[in-house]
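The primary structure of each chain is shown beneath.
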Amino acid sequence: MVESVPEIAWTATPEGVVDYYNDRWYEVTGERRGATGDESWAPVLHPDDLPGVAEKFGRAIATGEPYEAEFRIRDAAGQYRWYVARARPFRNDAGTIERWFVVTSDVHDQKRDALALEVAFRLGAELTRELDPRRVVQSVTDASTEAIGAQFGSFFYATPEDEPGPDGQARFGLFVLS
């Protein structure tokens, strides 16, 4: 039944060692089927997210408390997408943890949309206060660069026709760089 869910599902031992992934894990990551343990998930997590995820899951294992974390997973095409993992311990009648059950859902589109909305609100507030056109263009360039996740952005412009260059042609200049 767990093979039919669209999310990544996995289990771990009471000590937190991954011992099962459903097929969705292998479809998303492109990793070798049957690979389990720490060496199976650490290589596909974004390097910036790995320490926090390991620390948070380790704390859940130590305390027996539910676990939730957002992190990026590298897919089979080499692109990182945001996921959220939620883990709950399964306890026997004596209260001892026998296994951890985890569902990991793709939240990349929601995170991207939330960031775009946040940037739009921030930009709107800034534009209502700003009168300098250069600063307005800088703000729009900065916001656009952030919203699409680019490393940098730029805005070029042509000067008005009444300000031609020495050769009589329209002049171009870099207006802003973000």
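Please refer to the structure higher up on the page.
Owing to the predicted nature of the structure, the values given are computational and were not obtained by experimental measurement.

Engineer: Got a sec to walk through the pattern of salt bridges? Specific residues and values, please.
Structural biologist: Counted according to the given criterion, the structure contains 11 salt bridges. Salt-bridge contacts for R86 lead to E68; the nearest nitrogen and oxygen are separated by 3.2 Å. Of this pair, R86 sits in strand β4 (residues 80–91) while E68 sits in strand β3 (residues 67–74), placing them 18 residues apart in sequence. A relative accessible area of 39% means that R86 is categorised as partly exposed. The class of E68 is partly exposed, set by a relative accessible area of 39%. Here the residues in one salt-bridge network are R81, D106, D109, R112 and D113, joined through shared partners.

Engineer: I'd like a rundown of the packing of aromatic side chains, residues and numbers included.
Structural biologist: Under the counting rule described, the total for this entry stands at seven aromatic pairs. Between W10 and Y21, the aromatic rings sit 6.5 Å apart at their centres with planes inclined by 50 degrees, giving tilted as the arrangement. With W10 in strand β1 (residues 8–12) and Y21 in strand β2 (residues 18–21), this residue pair connects regions lying 11 residues apart in the sequence. Like Y21, W10 is buried. The structure contains a cluster of three or more aromatic residues connected by ring pairs, namely W10, Y21, W25, Y26, F57, Y67 and W100. Seen from the ring of W82, K111 lies directly overhead, with NZ or CZ sitting 4.5 Å from the centre.

Engineer: Explain the sheet that holds β3 residue by residue, including any values.
Structural biologist: With antiparallel pairing, five strands are arranged side by side in an open sheet as β2-β1-β5-β4-β3. On the outer flanks of this sheet lie β2 and β3, each paired with one strand and no other. The average undirected angle you get between the axes of adjacent strands in this sheet is 25 degrees. Where β3 lies against β4, eight bridges are found, and the strand directions are antiparallel. Residue I73 lies in a different strand from β4, and its bridge partner there is R81.

The rules behind the values
Residues numbered from 1 in each chain as written. Predicted model: local features only at pLDDT ≥ 70, side-chain atom pairs only at ≥ 80, totals over all residues. Heavy atoms only, no water. Salt bridge = Lys/Arg side-chain N within 4 Å of Asp/Glu carboxyl O. Helix = DSSP H or I, 4+ residues; strand = E, 2+ residues; numbered from the N terminus. Buried < 20%, exposed > 50% of the residue type's maximum accessible area, 1.4 Å probe, protein only. Phe/Tyr/Trp six-rings, centres within 6.5 Å; stacked < 30°, edge-to-face > 60°. Lys NZ or Arg CZ within 6 Å of the ring centre and 35° of its normal. Pairing = 2+ DSSP bridges. Axes fitted to C-alpha atoms, helices over the stretch in contact; angles between N-to-C directions.

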